[in-house]
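Observations on the three-dimensional arrangement
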Amino acid sequence: MQENELKNILEELYKLDSSLREFEGPLREVISQMSNLRPDTQFTPALAAKIKEQVMNKVKEGAVPSTTAFSFNFINKQKYVYLGSAFVVVLLLMLVVYKLPAFKQLKPDANLNLDIASTNNQSKSTDTINSDEGDGVVKLAANAFGSLAAQIQGEMAAADTRNMTSLEKQSAMPVSSESAGAGVSDSFVIHPVVPGFGGGGMIDYKMIAPWYQVKYVYTGDQLSLGEKQGAVYKRLVGDLNSSSSLLSLVKNLKFDGLDMSTFNNLKATNLSLAEDKDKGLAINFDFLNDNIYISENWQKWRIPERDACGSNNACWEKFRVKESDVPSDSDLIAMSDKFIGDHNINLNHYGPAQVDNNWRQAYELAPEKNNYYIPEYISVIYPLMMNGEAVLDQSGNPYGLRVNINLLQQMVAGLNGLAPYRYQSSDYTLETDFSRIFKIAEGGSRNGMYYDGINNNGEVQEIELGTPSRAYVQYWRYSNNDNEELLIPALVFPVLTNSNQAFYGQRSIVVPLVKELLDELEANQSPIPMPLSDVEVPVESPPADLEVMPMIR
Amino acid sequence: MNTKPETELVNELVKASQDGANDAFAQLYDIYIKKIYNFIYYKTLNSTVAEDICSQVFVKAWQRLSQFKGGSFSAWLYAIARNSVSDYYRHENQHLNIDDCWDLSDKDDFLARIDQGLNLDKIKEAMKVLKNEEREILMMRFWLDLPFKEIAEQLEKKEGAVKMACGRALKNLKHNMPLVVFMLLPELINICKKMN
């Protein structure tokens, strides 16, 4: 390496960290050695030509780029029939595609901005200062959503309710603080799972996972935050006009004497359709939350041999997913991409696909891997993007469109999180004092500290937090008997330390940047109450022959 | 010879490729093949593996072109390459959490998988102390000769953050390199001879 170049590199580094000057001698040597040790890649024009031939052959063979048009045309295909009444399905489907304002943006000639302005009856503040700051987003005046602070109490833990049906959402309504128990809400309970048993991770809340007392230590860089105001987004959902349009067809129908016109003020909340074929899918439109879910039409996915297993464990064993059954990430993404392409789903507002490999964390720690229950489904996630930044859930996991793959059948079994991109935005005051933010991160942010309430042996595990990155985080605000989905600017601190002695699930600590949320967080970051050692905690023990493994949520 | 600035040319080629023009994609290939191949090689140190992965990267890029929505095309391409290398090692190593050859835990395994004659086994001990991202920054700066600004673009980070990480990595190496360099000296001379 040339002396000048070396000098330039060092000067660039000193500008940011002058303490490096003290080590100039050793640094010069290290940089020179790094440079000198550059391996010979054996790259030649002949090699480039050889690879090019391989690539271009595949390109010509038909590895064509997928189309970008987003439409729900797949719904119009003849293969989808309404269970019970094909004729009604066709009529209803046409209505869904052409009448529902919530889906009008899917049509190239739709005027989304007008739709939002005219049909959004949930927006309390109509003080619009800019009708559209990008496709699907209407900008409102500052603080238009009112106080965000109250949402802390109302939000539903880290649960991904966008991926719930409306019924599930209702059942997931916030509970009173008493029912959360000992000041510990559901959001930071690590749920245990019993390895070797099916049921997709269903657990008994009474089986308490081993918690460990932890201390977070920020070891990242000092950042300077200059953004005094930042946009908060609210997703727009539901439209009464759409359901009444849909019902105009249904009200004249008579089902075996039942006269639909005798009912008043009807509103469509759901529409379910299913493919009547082997490995067919079921499509559910949730009009209350403007979401679409696709799942297996379970009757068409049955495995007769497994259905006949009864209590024969050896038989069940044959149908357990083994690690070797799990395709590579790239293969899973390819399957998912194909499904997305086949159904013309628009990924304009989603980032690059990634595989949800959370299960591997517990699997790697399982002492008996053969007994570990590997889930039958694995998800490929396309994170929702807002302003060029990925949206995360409150645990720091990517949040967006999830395509679910059935590992036993090695086929895509559905998706959830598909929703029209319709938001309002409003600016809120952001915190610029980074020291305040990282102190809140060191306090565990919303989740506080995990505490070993059952087997506390006084051991404190130190967890390092690295330099945070900026992201939007999905929050739920319980307001007017409904949940509003908000996207809040936040800093995401990566958890750098992995425990070898115990499972530790949280991969990042999320701290909102909105000032009023920080005020509320600080007020609520009180120490976690110590358990009273004399009081017997009623815990239902698992059967003696079962080993309880903690599991990430 | 095309006199347009590279970014403008790349943007035009990407657009044409998205519209299905194979020849435009072939030009993109010509622009990036060396950088991408070298990047993959530094993460695998095996020419056969690097060749296979490199081929996959460009095919994947073609297949997913519709998902590229602007920004830095090279950063997007590097991301595909990085993920493809991770996928390769995770697939080949029973899904252990390995991102590149430098993560191979066993020295013999490391040596068995890299090209013969590289003699990098001892520097591995120094590289192992670095985080994957720090290692990547050092590779990009000192092996791929990319300026910090471009590295920041490829990693979608701020330039200052990349420099800080580089400084940290060098500080770490400072503690681990002297012994390594001493042990490597004869091998180093051989490598330098080869390079000359």
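An account of the accompanying structure is given in this report. (Residues numbered from 1 in each chain as written. Chains lettered and ligands numbered in written order. Predicted model: local features only at pLDDT ≥ 70, side-chain atom pairs only at ≥ 80, totals over all residues. Heavy atoms only, no water.)

**Side note on the overall build of chain B**
Scanning chain B for helices and strands turns up nine helices and zero strands. Sorting the 196 residues of chain B into buried and exposed places 54% on the buried side. Carbon and sulfur atoms provide 50% of the accessible area of chain B, an area that totals close to 8700 Å². (Helix = DSSP H or I, 4+ residues; strand = E, 2+ residues; numbered from the N terminus. Buried < 20%, exposed > 50% of the residue type's maximum accessible area, 1.4 Å probe, protein only. Areas by Shrake-Rupley, 256 points an atom, 1.4 Å probe, with all protein chains shown as cover.)

**Thoughts on the overall build of chain A**
When you go through chain A residue by residue, the secondary structure sums to 15 helices and 23 strands. Counting all 553 residues of chain A, 49% fall into the buried class. For chain A, contacts bridging at least 24 residues in sequence account for 71% of all contacts bridging at least 6. Just so you have it, chain A exposes about 26600 Å², and 51% of that area is on carbon and sulfur atoms. (Contact = heavy atoms within 4.5 Å.)

**Section: the nonpolar core**
Soluble, globular proteins show a tendency: their nonpolar side chains are buried together. Counting residues in hydrophobic clusters, the biggest one holds 75 residues, and the most contacted among them are B:Phe25, B:Ile36, B:Ile40, B:Phe58 and B:Phe73. Residue contributions to this core peak at 13 residues, all from helix 2 (residues 22–44) of chain B. Each of domain 1 (1–106) and domain 2 (114–196) of chain B accounts for three or more of the residues forming this core. The contacts of B:Ile40, once residues within four sequence positions are left out, are B:Ala50, B:Ile53, B:Cys54, B:Val57, B:Ala81 and B:Val85. Formed by 49 residues, the second largest nonpolar core is a distinct cluster that contains A:Leu281, A:Trp301, A:Leu407 and A:Tyr421. (Core = buried A, V, L, I, M, F, W, Y, C linked by side-chain atoms within 4.5 Å. Domains from an automatic or database assignment.)

**Observations concerning the side chain of B:Glu136**
Residue and element names in this part refer to chain B. With respect to the element layout, glutamate 136 can be found in helix 7 (residues 132–143). Reaching out from glutamate 136, the side chain makes a polar contact with the side chain of arginine 82 at a distance of 2.6 Å. In this view, glutamate 136 contacts Phe39, Lys43, Arg82 and Leu155; residues no more than four positions away in its chain are not counted. (Polar contact = N/O pair within 3.5 Å; in protein donor to acceptor, adjacent residues only side chain to side chain.)

**Observations concerning the side chain of A:Asp221**
Within the element layout of this structure, A:Asp221 appears in the loop between strand 5 (213–218) and strand 6 (229–235). A polar side-chain atom of A:Asp221 sits 2.9 Å from a polar atom in the side chain of B:Arg168. In this structure A:Asp221 touches A:Phe434, A:Thr467, B:Met164 and B:Arg168, once residues within four positions along its chain are discounted.

**Here's the deal with helix 7 of chain B**
Along an α-helix, a turn takes 3.6 residues, which lines up residues three or four apart on a common side. Residues and elements named next belong to chain B. Counted at 1.5 Å a residue, the expected span for helix 7 with its twelve residues is 16 Å, and the 15 Å between its end C-alpha atoms agrees. Most of helix 7 sits inside the fold, with ten of its twelve residues counted as buried. Where helix 7 terminates, the next one or two residues include aspartate 145, which has phi positive at roughly 60°. (Expected span 1.5 Å × (residues − 1).)

**Comments concerning the interface of chain B and chain A**
On the side of chain A, 56 residues touch chain B, which itself brings 63 residues to the contact. Across the interface of chain B and chain A, roughly 5500 Å² is buried in total on both sides, 67% from carbon and sulfur atoms. Joining chain B to chain A, the criterion identifies four salt bridges. As a salt-bridge pair, B:Asp30 and A:Lys52 come within 2.9 Å of each other at their nearest N and O atoms. Where chain B touches chain A, the interface holds eleven residue pairs in polar contact (both at pLDDT 80 or more). For the side of chain B that touches chain A, the elements supplying multiple residues, two or more each, are helix 2, helix 3 (47–63), helix 4 (73–92), helix 6 (121–128), helix 7 and helix 9 (159–195) of chain B. Per-element tally for the side of chain B that touches chain A: the top contributor is helix 9 of chain B, with 18 residues. In terms of residue class, the side of chain B that touches chain A is built from 34 nonpolar, 13 polar and 16 charged. (Buried area = accessible area lost by both parts, 1.4 Å probe. Salt bridge = Lys/Arg side-chain N within 4 Å of Asp/Glu carboxyl O. Nonpolar A, V, L, I, M, F, W, Y, C, P; charged D, E, K, R; others polar.)

**Side note on the packing of helix 2 (residues 24–36) of chain A against helix 7 of chain B**
Packing of helix 2 of chain A against helix 7 of chain B brings their axes to within 9 Å, and their N-to-C directions diverge by 75°. Taken together, the axes of helix 2 of chain A and helix 7 of chain B are roughly perpendicular relative to one another. Contacts between helix 2 of chain A and helix 7 of chain B involve A:Ile31, A:Met34 and A:Ser35 from the first element and B:Leu138, B:Phe142 and B:Trp143 from the second. Broken down by class, the residue content of the contact of helix 2 of chain A with helix 7 of chain B amounts to five nonpolar, one polar and no charged. (Axes fitted to C-alpha atoms, helices over the stretch in contact; angles between N-to-C directions. Parallel < 35°, antiparallel > 145°, perpendicular 65-115°, else oblique.)

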